[in-house]
Amino acid sequence: MVERGETSSTGGSDGTQDPFPSAKKITKRPKYSRFTQQELPACKPILTPGWVITALILVGVIFIPIGLASLFASQRVVEIVDRYDEDCIPPSFKDRALGFIQDDNTDKTCIRKLTVPKLMKSPIYVYYQLSNFYQNHRRYVKSRSDKQLRSRKDESKTTNCEPEAFAGDKQPIVPCGLIAWSLFNDTYKFSVTNQPLAVNKRNIAWDSDREHKFGSDVYPKNFQNGRLIGGAKLNSSIPLNEQEDLIVWMRTAALPTFRKLYGRIEVDLEAGKEITVMIQNNYNTYDFGGKKHLVLSTTSWLGGKNDFLGAAYLAVGGICLFLAVAFILVYVLKPRPLGDPSYLSWNRNPLGHLN
Amino acid sequence: MSTGRPLLIPSPRTPNTPQTPSIPTYADLAKRSSGDLKPVSTMESNIAIDNTSSIESNYNSSSRRSISSHQSRMSGTNSVKEVILADLGSKRVRHGSRGTDSEFMSMSQKEINDDDARLVYINDPDRTNEKHKFTGNSIRTSKYSFITFLPRNLFEQFHRVAYIYFLVIAILNQLPQLAVFGRGASIMPLAFVLLVTAIKDACEDWRRHRADRIENNRLAWVFMNGQFQRKKWKDIRVGEIIKIQANDTLPCDMVLLSTSDPTGVAYVQTINLDGESNLKTRYAKQETLSKVPEKEKISGLIKCEKPNRNIYGFQANMEVDGKRLSLGPSNIILRGCELKNTAWALGVVAYAGRETKAMLNNAGAPSKRSSLETRMNLEIIILSLFLFALCTVVSFLAAVWLKRHKDELNIIPFYRKKDYSEPTPDHDDYKYYGWGLEIFFTFLMAVIVFQIMIPISLYISMELVRVGQSYFMIQDTNMYDEATNSSFQCRALNINEDLGQIKYVFSDKTGTLTENKMVFQCASIWGVDYGGGKASSQNDGVGNPVEVDRKILRPKMAVKVHPQLLELAKSGKDSPEGKHVHDFFLALASCNTLVPFLVDTSDPFVKLIDYQGESPDEQALAYAAAAYGFTLIERTSGHIVIDIQGERQRFDVLGLHEFDSDRKRMSVILGFPDKTVKVFVKGADSSMFSVIDRSLEKNVIHATEQHLHAYSSVGLRTLVVGMRELSSSEFEQWHSAFEAASAALMGRAALLRKVASNVENHLCILGASAIEDKLQQGVPEAIESLRMAAIKVWVLTGDKQETAMSIGYSSKLLTSQMTQIIINSSSKQSCKKSLEDGILMSSRLTTQSSFTNNTVGSSGAAVTSLALIIDGTSLVYVLDSELEEQLFKLASKCAVVLCCRVAPLQKAGIVALVKKRTSDLTLAIGDGANDVSMIQMADVGVGITGQEGRQAVMASDFSMGQFRFLVPLLLVHGHWNYQRMAYMILYNFYRNAVFVFVLFWYVLFTCFTLTTAVTEWSSMLYSVIYTSFPTIFVGVLDKDLSRRTLLKFPQLYGAGQRQESYSSKLFWLIMMDTIWQSVAIFFIPLFAYWRSTIDISGLGDLWTIASVVVVNLHLAMDVIRWTWITHAAIWGSILATGICVIIIDALPFLFGYWAIFHIGKTAEFWLCLLIIVVAALVPRFVAKIIYQHFSPCDIRVAREAEKFGNFRELERMEMEMNLMAEPQRR
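Please read all numbers here as calculations on a predicted model, not as lab measurements. (Residues numbered from 1 in each chain as written. Chains lettered and ligands numbered in written order. Predicted model: local features only at pLDDT ≥ 70, side-chain atom pairs only at ≥ 80, totals over all residues. Heavy atoms only, no water.)

1. Here we look at the overall build of chain A
- Counting secondary structure elements, chain A contains nine helices and nine strands.
- On the principal axes, the C-alpha backbone points of chain A span a range of 110 × 70 × 40 Å.
- Here chain A holds 355 residues, and 51% of them are scored as buried.
- Contacts spanning at least 24 positions in sequence make up 79% of the contacts within chain A whose residues lie at least 6 apart.
- Of note, chain A has its 46 positive side-chain charges centred 6 Å away from the centre of its 35 negative side-chain charges. (Helix = DSSP H or I, 4+ residues; strand = E, 2+ residues; numbered from the N terminus. Buried < 20%, exposed > 50% of the residue type's maximum accessible area, 1.4 Å probe, protein only. Contact = heavy atoms within 4.5 Å. Lys, Arg positive; Asp, Glu negative; His and termini not counted. Charge placed at Lys NZ, Arg CZ, Asp CG, Glu CD.)

2. Thoughts on the pattern of salt bridges
All names here are of chain B.
- Applying the stated criterion across every chain yields a total of 46 salt bridges over all chains.
- Lys-682 serves as the salt-bridge partner of Glu-618, at 3.5 Å between the closest nitrogen and oxygen. Residue Glu-618 is found in helix α16 (residues 616-627), and its partner Lys-682 is found in strand β28 (residues 677-683); the two are separated by 64 residues along the sequence.
- Accessibility expressed as a relative area gives 4% for Glu-618, which makes it buried.
- A cluster of three or more residues bridged by salt bridges with shared partners is formed by Glu-884, Glu-885, Lys-916 and Arg-917. (Salt bridge = Lys/Arg side-chain N within 4 Å of Asp/Glu carboxyl O.)

3. Some words on the UniProt feature "binding site: Mg(2+)" (unreviewed entry) in chain B
All names here are of chain B.
- Residues annotated in UniProt with the feature "binding site: Mg(2+)" (unreviewed entry) correspond here to Asp-508, Thr-510, Asp-927 and Asp-931. Separation in sequence by 424 residues is not matched in space for these annotated residues, since their most distant C-alpha atoms are only 10.6 Å apart.
- Mapped onto the elements, Asp-508 comes out in strand β17 (residues 502-508).
- Those residues in contact with Asp-508 that sit more than four places away from it in its chain are Leu-513, Leu-796, Lys-907, Ile-925, Gly-926, Asp-927, Asp-931 and Met-934.
- A polar side-chain atom of Asp-508 sits 3.0 Å from a polar atom in the side chain of Lys-907.
- Inspection of the secondary structure assignment puts Thr-510 in the loop between β17 and β18 (514-525).
- Take Thr-510: its relative accessible area is 0%, and that puts it in the buried class. (UniProt positions renumbered as here; feature names shortened; annotations may be inferred. Polar contact = N/O pair within 3.5 Å; in protein donor to acceptor, adjacent residues only side chain to side chain.)

4. Some details on the domain arrangement of chain A
Residues and elements named next belong to chain A.
- The domains assigned to chain A are domain 1 (43-77 + 304-355) and domain 2 (78-298).
- Computed over C-alpha atoms only, the centres of domain 1 and domain 2 are separated by 48 Å.
- Counting from both sides, the interface comprises four residues of domain 1 and, opposite them, five residues of domain 2.
- Per-residue buried area on domain 1 facing domain 2 is highest for Arg-76, Val-77 and Lys-305; these three make up 83% of the total on that side.
- Counting across the interface, domain 1 meets domain 2 through zero salt bridges.
- Linking domain 1 to domain 2 there are one residue pair in polar contact (both at pLDDT 80 or more).
- Residue composition of the side of domain 1 that touches domain 2, grouped by class: one nonpolar, one polar and two charged. (Domains from an automatic or database assignment. Buried area = accessible area lost by both parts, 1.4 Å probe. Nonpolar A, V, L, I, M, F, W, Y, C, P; charged D, E, K, R; others polar.)

5. Re the packing of helix α5 (residues 149-157) of chain B against helix α7 (residues 183-216) of chain B
Residues and elements named next belong to chain B.
- It is at 11 Å that the axes of α5 and α7 come closest, and there the two elements cross at 115°. Crossing handedness for the pair α5 and α7: right-handed. Between α5 and α7, the contacting residues are Phe-149, Asn-153, Leu-154 and Gln-157 on the first element and Val-193, Leu-194, Thr-197, Ala-198, Asp-201 and Ala-202 on the second.
- Looking at side-chain class alone, the contact of α5 with α7 contains six nonpolar, three polar and one charged residues. (Axes fitted to C-alpha atoms, helices over the stretch in contact; angles between N-to-C directions. Left-handed = near helix turned anticlockwise from the far one by under 90°.)

6. As for the interface of chain A and chain B
- With 124 residues of chain A at the contact, the number on the chain B side is 144 residues.
- Across the contact surface, chain A and chain B share four salt bridges.
- With a shortest N-O distance of 2.8 Å, A:Arg251 and B:Asp1095 are connected by a salt bridge.
- Where chain A packs against chain B, one counts 38 residue pairs in polar contact (both at pLDDT 80 or more).
- The element best represented in the side of chain A that touches chain B is helix α8 (residues 308-333) of chain A, accounting for ten residues.
- Taken together, the residues of the side of chain A that touches chain B break down into 61 nonpolar, 34 polar and 29 charged.

7. Topic: the nonpolar core
- Core analysis: the biggest nonpolar cluster contains 220 residues, and A:Tyr188, A:Phe190, A:Trp249, A:Ile275, A:Leu296, B:Phe450 and B:Phe989 have the highest contact counts within it.
- By residue number, the principal contributor to this core is helix α29 (residues 966-1003) of chain B, which donates 20 residues.
- For B:Phe989, the residues in contact, after removing those within four places along its chain, are B:Met376, B:Glu379, B:Ile380, B:Leu383, B:Pro455, B:Leu458, B:Tyr1062, B:Phe1067 and B:Met1071.
- Grouped together as the second largest cluster of nonpolar side chains are 79 residues, B:Phe585, B:Cys591, B:Ile640 and B:Ile765 included. (Core = buried A, V, L, I, M, F, W, Y, C linked by side-chain atoms within 4.5 Å.)

8. Regarding the packing of helix α11 (residues 371-404) of chain B against α29(B)
Residues and elements named next belong to chain B.
- At a minimum axis separation of 12 Å, α11 and α29 run at an interaxial angle of 5°. Considering their axes alone, α11 and α29 lie roughly parallel with respect to each other. Facing Leu-372, Met-376, Glu-379, Ile-380, Leu-383, Leu-390, Val-393 and Val-394 of α11, the residues of α29 in contact are Tyr-978, Met-981, Ala-982, Ile-985, Phe-989, Val-996, Phe-997, Phe-1000 and Val-1003.
- Of the residues assigned to the contact of α11 with α29, the class counts are 16 nonpolar, no polar and one charged. (Parallel < 35°, antiparallel > 145°, perpendicular 65-115°, else oblique.)

9. Some thoughts on the state of the cysteines
All names here are of chain A.
- Taken as a whole and judged by the stated rule, the model has two disulfides over all chains.
- Residue Cys-88 pairs covalently with Cys-110 via a disulfide, S to S 1.9 Å. Disulfide Cys-88 to Cys-110: torsion about the S-S bond roughly -70°, handedness left-handed. Here the residue Cys-88 occupies a position in the loop between β1 (79-83) and α2 (97-102), and Cys-110 occupies one in strand β2 (residues 109-115), the gap between them amounting to 22 residues.
- The disulfide partner of Cys-161 is Cys-176, and the gap between their sulfur atoms is 1.8 Å. A residue pair is termed long-range when its members are at least 10 positions apart, and Cys-161 in the loop between α4 (146-150) and α5 (178-181) and Cys-176 in the loop between α4 and α5 qualify at 15 residues.
- By relative accessible area, which is 0% here, Cys-161 ends up buried.
- According to the relative accessible area criterion, Cys-176 is buried, its value standing at 1%.
- Sequence-ordered numbering of the bonded cysteines in chain A yields a pairing of 1-2, 3-4. (Disulfide = S-S within 2.5 Å.)

Written as structure tokens, this is what we have:
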């Protein structure tokens, strides 16, 4: 039985019992090193009661202040949220919301009055919030062409853009795809005590997107020329990298309820002030039961108003502290000496290993 | 060969060819030197060689062949040339009884069916290859050629199910409807794995190519055009005549035609084939001997069997000159053998190239699968069910959603089923294939997205980890054997972890527990016990020197002598005691098949006598005889020369009956110088006492019997020696019978046996010898450790019961506290009865002992345990019958099982018996060819690199130098391997499942459309780069306990036997943990970012990083030993993930450009990450602490003891350790 690969003539030299060993013999003794003997210096931490309790208390001690700080930050954020999709349907169209929104001739203007609950320091961020809108739907997410957006020469690269790839005469649509096609087109005009409130719509998109993803030489073409208008139209004389609403919209949201930045109000708003918003309620969320909110919000170091993180930190910190106390009790009431050989199974049950 | 290892086994054979003959024993007699050996003898001239095959060979006693060729080949030796003409009658013949050999001959007489035969026309390759082209002699061990590499390698790789799975997924992903991932990303993992494997295969194959090329281009002398010419090996064809020179390697399997030896003998070394280093003899047929191809045209036809891989069998017949001769295995030399001590040999190529037996045997050992891996398959199936369930849920929900929204689908902005861009009124559906198909596609897409639920990378990681583990096993200096210069070898790469779960060890005795170095201990001569272990140690180190030709010859091995016996031996044969002693040692010196060789020493006037032979017992006896002044200094086929107390005497060897396992004895018939003829017999006591004349010297027989009992009860191997003087009429009678039997065509072996039995009777007892087979170093300690580790040690030996039991005692296998159940039955009924009795007894004992234990308490270290001793005869009735069940029942209650007189196949039968009835893992360890079947049968086979060739090693999965290395192998490496591998498998399940669940939760928030927030590259790299390295390094390097602790508490091995580290319970626990962790990873960011401006890629990056951090910290929490490598792997992986995510997000053409930088700037991201990690791991942490506190497992306690244990204990431990490490003397 010759070993594989060890053909008849070449093999056989090893393992041979040479009856007369020559004086010089190649030893096969493995070389000693701490690595080969698996004796590298090592730290062998062991979870002793001390460590366990310390770790748990440490988590509690760190987490509870973080939780409190987060909650505090969240509480300080002033947020005005106004759902307007239902209220902005005139009473006569109550049962025909879809007809209303799809009819080009209806007046979509809608006036909302919002009261500032607390002093809102600038910058005040204006968001629109959509619910039940699956910007992360697979068909939707894929329906875009990043190449086309970036440079003019790739205008015709509309591979994934169907059904919004080509206009009727096989001309490529720029920007193509469902995402661009469904661009949000409600507009808001704010005024406080009849003084218009300026909304800064510059720099609402990511710099990286403006600079690298959307070309400065790409202009909208054939956009929204189809028979079904999905949303906003674009000024075809402005390059894409300056169409910030589009850029914001194209950063598809991760979750079905999301906000998108509309603009910034760069003045403080006093508490109790009433803001009048003139909304052009163009965007059709009625066919899939989506909701539209207008959101005015200040920010904190933690972002917007969300108590969840703070509460979660408090909860986890609290649980850890509780566990720490529980373990202290356990270790005090029912201690187990570490490394006590009497806990070894064969000492507990001498016959155990025989069966 | 049916009764296993006899005391004087001629040569180990592969057990699966029990019918094959032993290599002709004539060879052993006339065994020549190998290279540097210098034979003392010359071949005697006055012998007609009784050629095995020459059935009708007329045996001409007067034909006196010249021995010149012998001398020429022994040129330069100091051989004593002595030609003594026959003077004892006219018939001075050396007869060899070649039992089994001739049996084979009669078998080969059977007609070989023409359809099954290959016809070889001697010296006519064209005609031979005319009708049926035989394979050429070029060999290819390489698998691929340059062109076939790609397709064949791919084909072979795709034999693995895992790769098929990869492939199917990748293909699915190429369908446009299902393209979840980009093309590049989806093929990457498969391509990576294929590439790595292909490169590995290519390198290996390149090496083989080179070896093949060298091999194929070697040159051989081939008879062409009337003369021998050099020809490349690869061009040799079947039917050609080739000439082999001394020390050449055979290029093919060839039938011998003639050799330089006038008697047609050729000596070959078969070390490349079976690892046996002794020379074997092959014969040319008498009829072809004298033919010289240069002078006369040789022609003939060989009809031989189809190529097969049995290296000990060959059947053919040859038609030469109208005569039909039969050919056996002794007429063929196989490829790979080397011609030794024969100037040249001529032969006909019978098998060439890949049809040679060597090449047919080239297949590697059958691959075994580790039990952990087999068990793992169940969990893999469960995971597939998970996968199926997840996909079903997704497609079901998608179906519901589509149904509910089917009226709106046309215009929903994020769906837009209808294509409105065309001005035509009837709009096409766009990328919508109907409700049913959409669901189906959703299902398939779900499979693609969740594919890593089935951890394919696990298989690759496991292989890498095993390579690493094997490396450390091989490198372990504690498993290196100085004596044989053999380090540990891993021959099987996929059962490392089985070593940690062994419950049964089946061990061979000779050569495994013992050293197989026989040392003569004492003798009982004529009823007087000499020695009895009290031999003095004078003369130690130096054998009794003998002066020949002014040169001092000294036995190579010194034997301790008993002074009184030495005195007696020197006193000559005048006194009655002296005569018996004389006869006794004469028997020891002559009744064997050893050949003395002289070895040079540094002193030119001193030479060492080295007895070469196959039986170590015989060697020991011959050295002993030499020590007492009876030095065998020369053996030829016709006579021996023995130096008796300085006086050289010559005896004619008139006949020799080889040892065979039926008679269990051998005999030699010597013609004395004074013309008397005596037969000396030695053999096993059981067979000898039946042929000893009981009427003579009753008290001597009685005393000898007592001594024998005493010897064997201290573990010595005993042989009984007897002799008888033959009268001339008896001799004549024997001689004619012998001649007739040797010439018989049918049943020669039986006839010869009968002849032998006729002469081996009415013997006069001379005495008995006792040989010690020394226990190997550290065997008792090793067995003790194994026993403490709850490993049942079964010893399967060919030795007789007393010897086996005494070895059992000395190796601490048996203790005096043990209750022994001995089964020694000669019929099925009695066997059944003793088994039933045994079971009854065992149940009584166990209830008793448990009762006493309950009352006495835990001081039950000395629990009475049972030992079962059963012999081969009983096993015949047990194996393959309904009694197996009972034997197993009984044996499983016994702590020790000892099987004596077991045949090789029975060994395998016993292993199979246990294997069939239990899921516990078995390990077989042995060193000889007779252990091969057992080694292959057991779950783990361990070969000892010992004295008996390499077959056991070749068949084994692991090989090492000493039995005691089993302890570090199992208790240390096995334990580590098992713990590591078990943990790694569970961890791999977990880490992939966590990720899949995170993806799954997200699917629930995307209208069930399988959008992945995690970028496709990250999801492909997840199991390749982000999380794989730490688990591999931990799998190779982590140690739960130190070597020291594991050796101190062998009981810790129980963790593996109880499957503590891998079980269904653990699997489900870890799956529950998986779900919790995935929930924490997914939902914390979900709630934190609900109603925010977060984009898909940003959140996806958070999920990716969170998963990787959690999964790696989970591993970190379980790592026990933190070396710098572990640190580097774990923290490096997290770092690498970060870098990869950054790189992916820095590529402007990808979807999520710059997302990580945006989200990474926010505090929310980092706070999320922190709380995810803590929330995900706290439950596991707490569960671990609670478990460790309330029911600590042994490993945990031992680890604590290791760290905080009391120091006195530790010091004691260290001392023991040193003892274990130091070579121990018994």
